[in-house]
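Listed below are the residues making up each chain.
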Amino acid sequence: MAAPPLQPMPPPAAVNGDGFRLGFIGAGNLAESIARGVAASGVLPASAIRTAPHRRPERGAAFASIGACLLDTNAQVVDDSDVIVISVKPQIVKQVLLELKPLLSDEKLLVSIAAGIKMKDLQDWSGQRRIIRVMPNTPSAVGQAASVMCLGEMATQKDENRVRSLFSAIGKVWTAEEKYFDAVTGLSGSGPAYVFLAIEAMADGGVAAGLPRDLALGLASQTVLGAATMVSETGKHPGQLKDQVTSPAGTTIAGVQELEKGAFRGTLISAVVAAAKRCRELS
């Protein structure tokens, strides 16, 4: 997927001066992560964020703890928001949008973070053309999300800037055509699970080599974090960074050789492709 360079997040003063109100239809964990990041970064004040009660009271309490405004109904959230994030489970997106359709207008920007729900369906169910679809991932919970967005036919540059500022508050953001979204799901959407498995396996290897469990897990997780940061911040190809660690006849190349015997790279490639294929089947 060819992606443009990341654009810097607009400074908080400029975004606050924009004065838009952000509403969440659905107050789940991902919605909370976005709301917390937006408020903590100063992209918007917490008072500009609103949602409606959730079937689980603790979800409303989580938003209230941020300082967000709790309204009585989703209809009130739509009426009192400029940017409306659809953050319900994918299987009820159609029902929710059909219910809200009479309340939506061209003045409202609709943002969907529902996995697997395509732009055409969002448009048909909502009657809207001013839509941006975003695919974030679970590291949004710690402010390290990888999010990809695509723009609907009526979304403006101002809309794109607003949404970029929101999701830059919880990680990094790319813009891509919707045709890439199944592959995005296979890579960054499902990818955290692959990395969790790798961390668990590395820690198990440390224990097998004689390390205490807590030390092995701490070393494995920090090593993955450090390696990922090096790729992200140096701009060097991961193969180049790998070569810098692998001395002739050394310990690292001995480990790499074992990974190659086990088809480590081929297995990861197959995992991404399989997840992307499954996403296409489900959508």
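About the criteria used
- Residues numbered from 1 in each chain as written.
- Predicted model: local features only at pLDDT ≥ 70, side-chain atom pairs only at ≥ 80, totals over all residues.
- Heavy atoms only, no water.
- UniProt positions renumbered as here; feature names shortened; annotations may be inferred.
- Helix = DSSP H or I, 4+ residues; strand = E, 2+ residues; numbered from the N terminus.
- Buried < 20%, exposed > 50% of the residue type's maximum accessible area, 1.4 Å probe, protein only.
- Polar contact = N/O pair within 3.5 Å; in protein donor to acceptor, adjacent residues only side chain to side chain.
- Contact = heavy atoms within 4.5 Å.
- Pairing = 2+ DSSP bridges.
- Axes fitted to C-alpha atoms, helices over the stretch in contact; angles between N-to-C directions.
- Parallel < 35°, antiparallel > 145°, perpendicular 65-115°, else oblique.
- Patch = residues over 30% accessible without salt bridge, like charges linked within 9 Å, V, L, I, M, F, W, Y side chains within 5 Å.
- Areas by Shrake-Rupley, 256 points an atom, 1.4 Å probe, with all protein chains shown as cover.
- Salt bridge = Lys/Arg side-chain N within 4 Å of Asp/Glu carboxyl O.
- Nonpolar A, V, L, I, M, F, W, Y, C, P; charged D, E, K, R; others polar.

An unreviewed UniProt entry annotates the protein chain as Pyrroline-5-carboxylate reductase originating from Urochloa decumbens. In its Subcellular location (unreviewed entry) section, UniProt records this for the protein chain: "Cytoplasm". If you open the UniProt record of the protein chain and go to Sequence similarities (unreviewed entry), you find "Belongs to the pyrroline-5-carboxylate reductase family."

1. A closer look at the side chain of D159
Tracing the chain through its elements places D159 in helix α7 (residues 157-168). Given the relative accessible area of 1%, D159 is considered buried. Of note is the side chain of D159, whose polar atom sits 2.7 Å from the side chain of R130. A polar side-chain atom of D159 sits 3.0 Å from the main-chain amide nitrogen of T156. Excluding anything up to four places from it in sequence, D159 contacts L109, R130, I132 and M154.

2. A look at the sheet that holds strand β3 (residues 69-70)
The strand order across the open sheet built from eight strands is β3-β2-β1-β4-β5-β6-β7-β8, with neighbouring strands paired in mixed fashion. Every other strand in the sheet has two partners, leaving β3 and β8 (171-175) as the edge strands with one partner each. When strand β1 (residues 22-25) meets strand β2 (residues 49-51), the two strands line up parallel, connected through three bridges. Bridge pairing in β2 links L22 to I49. Sheet contacts for α7: β1, β4 (83-86), β5 (109-112), β6 (131-135), β7 (145-151) and β8; angle to β8, the most-contacted strand, approximately 150 degrees.

3. Overview of the packing of helix α8 (residues 181-189) against helix α9 (residues 191-208)
Two numbers describe how α8 lies on α9: the axes approach to 5 Å, and their chain directions differ by 25 degrees. Here α8 is positioned roughly parallel relative to α9, judged by the angle of their axes. Here α8 contributes G186, L187, S188 and G189 to the contact with α9, which in turn contributes G191, P192 and Y194.

4. Describing the UniProt feature "binding site: NADPH" (unreviewed entry) in the protein chain
UniProt's entry tags N74 with the feature "binding site: NADPH" (unreviewed entry), counted in the numbering of this structure. Relative to the elements of secondary structure, N74 occurs in helix α4 (residues 74-79). The residues contacting N74, other than those within four sequence positions of it, are I25, A52 and L100.

5. A closer look at a nonpolar patch on the surface
On the surface, L211, L215 and L219 cluster together into a nonpolar patch covering about 230 Å² of accessible area. With respect to the helices and strands, the residue L215 is situated in helix α10 (residues 213-234). Accessibility expressed as a relative area gives 40% for L215, which makes it partly exposed.

6. Let's talk about the packing of helix α2 (residues 29-41) against helix α3 (residues 57-66)
Axis separation between α2 and α3 bottoms out at 10 Å; the angle between their running directions is 5 degrees. One way to sum up the angle between α2 and α3 is to call them roughly parallel. The segment α2 lies against α3, with N29, A31, E32, A35, R36 and A39 engaging R59, A62, F63, S65 and I66. In the contact of α2 with α3, the residues fall into six nonpolar, two polar and three charged.

7. Some points on α8
Among the residues of α8, those classed as buried are F181, D182, V184, T185, G186 and S188. On the buried face of α8, the contacting elements are β6, β7, α9 and α13 (264-282).

8. Notes on the pairing of β8
Looking at chain direction, β7 and β8 are connected through five bridges and run parallel. By the bridge assignment for β8, V148 is matched with W174.

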